[in-house]
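# Breakdown of the fold
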Amino acid sequence: QVQLVESGGGSVQAGESLRLSCAASGLTSPYWSMAWFRQVPGKEREGVAGLDPEGTRIYAPSVKGRFTISKDNAKDIVYLQMNDLKPEDTAMYYCAADPRAYGGSWQTLLDTSYNYWGQGTQVTVSS
C-alpha cells in the first residue's frame with residue numbers, strides 16, 4: 001500500500017525559505033513519477049514541480065528559479081525546496097506519486113497523472 005506523508009509546512013515572511021518533505025512508503029521501485037501540487041480554497045489544484053523516473057524536472061512558470069524538487073532514493077523522500085517565497089505561494093501543498101512515466105512532459109504536472117496522494121501540508125507566506 002502506497003502512503004505519502006508530507007511535512008515541513010509553516011508560516012513564513014515573504015522572501016524566506018521552506019523545505020517540504022514527502023516520505024513515501026510502499027513504492028514498488030525507485031522509478032516512479034513524483035510531484036508537488038498546491039491548492040488554494042476555491043481554486044483548482046496546481047502542479048508546482050515534477051520529477052520523472054529518469055530524473056527530468058519540470059516546474060510551473062510561477063515557481064521556476066525559486067523552487068527545486070529532489071528525491072533521496074535511498075530513503076524514498078521527495079523534497080521541495082522553496083526559496084524567495086511570495087504571498088501568492090500560500091496554499092496547501094500535496095505530494096503525489098504514480099508508477100507511470102511522462103518523460104518530463106507537461107503531463108508530469110497534471111493531477112490526473114497521479115493515483116497516490118498525501119494529505120497535504122499548509123504553507124502560509126505573509127507580506
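## Quick look at the environment of Val5
With respect to the secondary-structure elements, Val5 resides in strand β1 (residues 3-7). Spatially, the C-alpha atom of Val5 lies 21 Å from that of Pro41, the residues being 36 residues apart in sequence. With residues near it in sequence (within four places) discarded, Val5 still touches Ser21, Cys22 and Ala23.

## Topic: the sheet that holds strand β7 (residues 67-72)
Strand order in the open sheet made by the 4 strands is β1-β3-β8-β7, with antiparallel pairing throughout. Each having just a single partner strand, β1 and β7 make up the two edges of the open sheet. Ignoring which end each strand starts from, the neighbouring axes of this sheet average 15° apart. Here 6 bridges tie β7 to strand β8 (residues 77-82), and the two strands are oriented antiparallel to one another.

## A short note on the pattern of salt bridges
Under the defined criterion, the tally for this structure stands at 7 salt bridges. Across the pair Arg66 and Asp89 runs a salt bridge, and its minimum N-O distance is 2.8 Å. Linking Arg66 in the loop between β6 (57-59) and β7 with Asp89 in the loop between β8 and β9 (91-98), this pair joins segments that are 23 residues apart in sequence. With a shortest N-O distance of 3.6 Å, Asp84 and Lys86 are connected by a salt bridge. Residue Asp84 is classed as partly exposed on the basis of its relative accessible area of 37%. Within the structure, one salt-bridge network assembled from shared partners comprises Arg38, Glu46, Arg66 and Asp89.

## A short note on the side chain of Glu6
Within the element layout of this structure, Glu6 appears in strand β1. Buried charge without a salt bridge: Glu6, with Arg45 as the nearest opposite-charge side chain at an N-O distance of 8.3 Å. For Glu6, the side chain forms a polar contact with the main-chain nitrogen of Cys95, separated by 2.8 Å. Only 3.0 Å separates the side chain of Glu6 from the backbone nitrogen of Gln119, close enough to count as a polar contact. Apart from residues lying up to four places away in sequence, Glu6 is in contact with Ser21, Cys22, Trp36, Tyr93, Tyr94, Cys95, Gly118, Gln119, Gly120 and Thr121.

## Some points on the state of the cysteines
Tallying each qualifying case throughout the model produces 1 disulfide. In this model, Cys22 is linked to Cys95 through a disulfide, with the two sulfur atoms separated by 2.1 Å. As the torsion about the S-S bond is roughly -75°, the Cys22-Cys95 disulfide counts as left-handed. Of this pair, Cys22 sits in strand β3 (residues 18-25) while Cys95 sits in strand β9, and the two are 73 residues apart along the sequence. Cys95 matches Cys22 in its accessibility class, with the two residues each being buried.

What counts, and where the lines are drawn
- Residues numbered from 1 in each chain as written.
- Predicted model: local features only at pLDDT ≥ 70, side-chain atom pairs only at ≥ 80, totals over all residues.
- Heavy atoms only, no water.
- Helix = DSSP H or I, 4+ residues; strand = E, 2+ residues; numbered from the N terminus.
- Contact = heavy atoms within 4.5 Å.
- Pairing = 2+ DSSP bridges.
- Axes fitted to C-alpha atoms, helices over the stretch in contact; angles between N-to-C directions.
- Salt bridge = Lys/Arg side-chain N within 4 Å of Asp/Glu carboxyl O.
- Buried < 20%, exposed > 50% of the residue type's maximum accessible area, 1.4 Å probe, protein only.
- Lys, Arg positive; Asp, Glu negative; His and termini not counted.
- Polar contact = N/O pair within 3.5 Å; in protein donor to acceptor, adjacent residues only side chain to side chain.
- Disulfide = S-S within 2.5 Å.

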